[in-house]
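# Structure at a glance
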Amino acid sequence: MPSVTTVPNKLKLLLLNKQIDFSNDVFKIILMNSAFVYDKDTHGLLADVTANQIATGYGYTQDAKILTGVAVAQDNVNDMAAVAWSDVTWTAAGGSIGPTGGAIVYDDTATDKPVVMCIDFGDDCTTADGYSFQIKTPKLTIS
């Protein structure tokens, strides 16, 4: 099943108020437990979702994975703009990472650490000891 990316309504307000700077802010990504169900109306800040982040251990550390390689672009052919980051990887060590059903990207620079997007994997994923879990080019598209 393909992943689905959802943008919180709070992000739209923050963009209109010039409170998010995709080119210069620090963005982090966290993995969510399999019980987490994203709500774009109520999950606008890190504090709204953090209770469902998977626990630190076995190669995963809460609130530690910084997204790098930011690329912000305008696409006139498809009438949209997008921000994308480099691939992000966790390697399981001493046990399994997960299960995780999705990931949250948030702005670690902005006040209150707003959620930028939720990536729903479509299925729960567990990464066995010694294997890696990778999210290829996390990308937010606004059209």
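In what follows, the structure referred to is the one given above.
These notes cover the structure that comes with them.

## Points about the packing of aromatic side chains
A full pass over the atoms with the stated rule returns seven aromatic pairs. Summarising the aromatic geometry, the rings of Phe-121 and Phe-133 are spaced 5.4 Å apart at their centres and angled 65 degrees between planes, so their arrangement reads as edge-to-face. Placement of Phe-121 in strand 8 (residues 115–127) and of Phe-133 in strand 9 (residues 132–135) is noted, with a sequence separation of 12 residues between them. Overall, Phe-133 belongs to the buried group, its relative accessible area being 12%. Members of the aromatic cluster, each reached through a chain of ring pairs, are Tyr-60, Trp-90, Phe-121 and Phe-133.

## Section: the sheet that holds strand 10 (residues 139–142)
Strand order in the open sheet formed by three strands is 4-5-10, and the pairing between neighbours is antiparallel. Of all the strands in the sheet, just strand 4 (71–75) and strand 10 have a single pairing partner and so form its edges. For this sheet the average axis-to-axis angle between neighbouring strands, irrespective of direction, equals 15 degrees. Examined bridge by bridge, strand 5 (residues 80–84) and strand 10 share four bridges and lie antiparallel to one another. Following the sheet pairing, Ala-82 is matched in strand 10 by Thr-141.

## Some remarks on the sheet that holds strand 8
Read across the open sheet, the five strands follow the order 1-8-7-2-3; overall the sheet is antiparallel. What marks the edges here is a single partner per strand, and that holds for strand 1 (4–6) and strand 3 (65–66). Of the pairings in the sheet, the one linking strand 2 (residues 27–33) to strand 7 (residues 97–107) comprises seven bridges and is antiparallel in character. Looking at strand 7, one finds that Lys-28 is bridged to Tyr-106.

What counts, and where the lines are drawn
Residues numbered from 1 in each chain as written. Predicted model: local features only at pLDDT ≥ 70, side-chain atom pairs only at ≥ 80, totals over all residues. Heavy atoms only, no water. Phe/Tyr/Trp six-rings, centres within 6.5 Å; stacked < 30°, edge-to-face > 60°. Helix = DSSP H or I, 4+ residues; strand = E, 2+ residues; numbered from the N terminus. Buried < 20%, exposed > 50% of the residue type's maximum accessible area, 1.4 Å probe, protein only. Pairing = 2+ DSSP bridges. Axes fitted to C-alpha atoms, helices over the stretch in contact; angles between N-to-C directions.

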